[in-house]
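Residues per chain, in single letters:
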Number of protein chains: 2
Amino acid sequence: MLSNSSKYAVKAVLYLAIHSHKNKKIMAKDIAESINVPQAYLAKLLQELSREEIITSVKGPKGGFYLSDDNRNFSLMDVVNVIDGDKRLNSCVLSLEKCNAEKPCPLHNLISPSKSVFMESLQKKKIKYFSKQIEEGSAFLPL
Amino acid sequence: MLSNSSKYAVKAVLYLAIHSHKNKKIMAKDIAESINVPQAYLAKLLQELSREEIITSVKGPKGGFYLSDDNRNFSLMDVVNVIDGDKRLNSCVLSLEKCNAEKPCPLHNLISPSKSVFMESLQKKKIKYFSKQIEEGSAFLPL
DNA sequence: TCTTAAATATGATTTTTATCATGTTTTAAC
DNA sequence: GTTAAAACATGATAAAAATCATATTTAAGA
Ligand code: FES
Ligand code: FES
């Protein structure tokens, strides 16, 4: 479904959504510790996200990562696409070339409706939505 | 979601469900070719399934694999469990220890209902069900 | 009984994914 | 300007997954 890498990326972005701010940057090391992900590995992922402007970074002392208001309007699908590419989630459960309703694999009807719903939410709901969920206590983040 | 290996295994089992019979055994090599999976790799998977008695094998000349009536009463979940173990499908999308409703991750509510449905069907529907689908032309198998 | 065709067992290799390490650039603070 | 703290870039290593290779066992058929 999601690679380990994009799981890490999603967790990091959500962490930033809750804890960071334009004038409260957080360094890679601290994020990594908080979300239980290897530091150097996460650093690399954060760089990719920053390069694609999904998150914002500031170099030098007092620097770090944070989510701007613009950043918060991205969807988690955007995060996943940066890390995993856009084919992974779209593929058939049995990897039969393309997942399509015209030539469905035997599992297609079992999973496709629900998966579509999932992917649409992931696409449509902005990062803001999820941070609100967490702040309201209806969803949880740490390990 | 599913490992490559269990995708192969599922495809092979479904192939056997449609094409094999007590007196129509099929060798690993032929199955592999038909479902587009590397021969030696599939052979190994078939051996695991055979060892767990999800499929039936006969050694020696004129031997091969087939699905007995008993075999056809297994579910695809059984197939997946033999290959991937039973934790993989049960895990949280974000890999937050355990997926449970009490402490749901931010994606839990998005995916869990649909995933439950999927897993239940995978558990409850027998191999027979899927082969019927394919025979009726409402689902497709090859590449 | 001998040969041969199949599964089975075991392990080696390759590829992919995840992880670690090290040097370079930027910039705030002194 | 010098120092130091951060991101950034690049590549090396390790672990896991997928793939390949080879020798052994079983049983049909001549
Ligand atoms: S064709 Fe397999 S999931 Fe859609
Ligand atoms: S807790 Fe993450 S999917 Fe259930």
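Data block above holds the structure.
Residues numbered from 1 in each chain as written. Chains lettered and ligands numbered in written order. Predicted model: local features only at pLDDT ≥ 70, side-chain atom pairs only at ≥ 80, totals over all residues. Heavy atoms only, no water.

**Quick notes on the overall build of chain A**
Part 1 of the reasoning: Along its length, chain A carries 6 helices and 2 strands.
Part 2 of the reasoning: Taking the principal axes of the C-alpha coordinates as reference, chain A spans close to 55 × 30 × 25 Å.
Part 3 of the reasoning: Here chain A holds 143 residues, and 50% of them are scored as buried.
Part 4 of the reasoning: Residue pairs at least 24 apart in sequence account for 66% of intrachain contacts in chain A once pairs closer than 6 positions are excluded.
Part 5 of the reasoning: A total of about 7500 Å² of accessible surface is found on chain A, and carbon and sulfur atoms cover 50% of it.
Part 6 of the reasoning: A distance of 3 Å separates the average location of the 21 positive side-chain charges in chain A from that of its 15 negative side-chain charges. (Helix = DSSP H or I, 4+ residues; strand = E, 2+ residues; numbered from the N terminus. Buried < 20%, exposed > 50% of the residue type's maximum accessible area, 1.4 Å probe, protein only. Contact = heavy atoms within 4.5 Å. Areas by Shrake-Rupley, 256 points an atom, 1.4 Å probe, with all protein chains shown as cover. Lys, Arg positive; Asp, Glu negative; His and termini not counted. Charge placed at Lys NZ, Arg CZ, Asp CG, Glu CD.)

**Quick word on the protein's contact with DNA strand D**
Part 1 of the reasoning: Looking at DNA strand D, there are 24 residues lining it, with A:Met27, A:Lys44, A:Ser57, B:Asn4 and B:Tyr41 nearest.
Part 2 of the reasoning: Taking all atoms of DNA strand D within 4 Å of the protein, the share assigned to sugar and phosphate is 64%.
Part 3 of the reasoning: Measuring from a phosphate oxygen of DNA strand D, one finds a side-chain N or O atom of B:Ser5 at 3.2 Å.
Part 4 of the reasoning: A distance of 3.4 Å separates a base nitrogen of DNA strand D from a polar side-chain atom of B:Lys44.
Part 5 of the reasoning: When residues of the surface near DNA strand D are traced back to their parent elements, those giving at least two are α3 (39-51), β1 (56-58) and β2 (64-66) of chain A together with α1 (4-19) and α3 (39-51) of chain B.
Part 6 of the reasoning: The biggest single contributor to the surface near DNA strand D is α3(A), with 4 residues.
Part 7 of the reasoning: Residue classes in the surface near DNA strand D are distributed as 10 nonpolar, 8 polar and 6 charged. (Near = heavy atom within 4 Å. Polar contact = N/O pair within 3.5 Å; in protein donor to acceptor, adjacent residues only side chain to side chain. Nonpolar A, V, L, I, M, F, W, Y, C, P; charged D, E, K, R; others polar.)

**Re the interface of chain B and chain A**
Part 1 of the reasoning: Contacts between the two partners involve 36 residues from chain B and, on the opposite side, 36 residues from chain A.
Part 2 of the reasoning: Of the roughly 3100 Å² buried where chain B meets chain A, counting both sides, 72% is carbon and sulfur surface.
Part 3 of the reasoning: Three residues stand out in chain B for area buried against chain A, namely B:Pro106, B:Leu110 and B:Phe140, and they jointly supply 20% of the buried area on that side.
Part 4 of the reasoning: At the junction of chain B and chain A, the tally comes to 0 salt bridges.
Part 5 of the reasoning: In this structure, the connection of chain B to chain A is made through 4 residue pairs in polar contact (both at pLDDT 80 or more).
Part 6 of the reasoning: Residue assignment for the side of chain B that touches chain A shows that the elements contributing at least two residues are α1, α5 (108-124) and α6 (127-135) of chain B.
Part 7 of the reasoning: Top contributing element to the side of chain B that touches chain A by residue count: α5(B), with 7 residues.
Part 8 of the reasoning: Of the residues contributing to the side of chain B that touches chain A, the split by class is 24 nonpolar, 6 polar and 6 charged. (Buried area = accessible area lost by both parts, 1.4 Å probe. Salt bridge = Lys/Arg side-chain N within 4 Å of Asp/Glu carboxyl O.)

**Looking at the relation of the copies chain B and chain A**
Part 1 of the reasoning: For these two chains of identical sequence, chain B goes onto chain A by a turn of 180° and a shift of 0.0 Å along the axis, with RMSD 0.0 Å. Interpreted geometrically, this transformation is the action of a two-fold axis.
Part 2 of the reasoning: A symmetric contact is evident, with 100% of the interface residues of chain B recurring at the interface of chain A. (Least-squares fit on C-alpha atoms with pLDDT ≥ 70 in both.)

**A short note on the packing of α3(A) against helix α4 (residues 76-84) of chain A**
When two helices pack together, their arrangement is given by the angle between the helix axes and by the axis-to-axis distance.
Residues and elements named next belong to chain A.
Part 1 of the reasoning: At a minimum axis distance of 10 Å, the contact between α3 and α4 shows a crossing angle of 115°. Between α3 and α4, the angle falls in the class roughly perpendicular. Crossing hand, α3 versus α4: right-handed. Of the residues in α4, those touching α3 at Leu45, Glu48 and Leu49 are Val79, Val82 and Ile83. (Axes fitted to C-alpha atoms, helices over the stretch in contact; angles between N-to-C directions. Parallel < 35°, antiparallel > 145°, perpendicular 65-115°, else oblique. Left-handed = near helix turned anticlockwise from the far one by under 90°.)

**Thoughts on the protein's contact with DNA strand C**
Part 1 of the reasoning: Inspection of the region around DNA strand C gives 23 residues, with A:Asn4, A:Tyr41, B:Met27, B:Lys44 and B:Ser57 positioned closest.
Part 2 of the reasoning: When atoms of DNA strand C within 4 Å of the protein are sorted by moiety, sugar and phosphate together comprise 63%.
Part 3 of the reasoning: Measuring from a phosphate oxygen of DNA strand C, one finds a backbone N or O atom of B:Ala28 at 2.9 Å.
Part 4 of the reasoning: Measuring from a base nitrogen of DNA strand C, one finds a side-chain N or O atom of B:Gln47 at 3.4 Å.
Part 5 of the reasoning: Contributions of two or more residues to the surface near DNA strand C are made by α1 (4-19) and α3 of chain A together with α3, β1 (56-58) and β2 (64-66) of chain B.
Part 6 of the reasoning: In terms of residue count, the dominant contributor to the surface near DNA strand C is α3(B) (4 residues).

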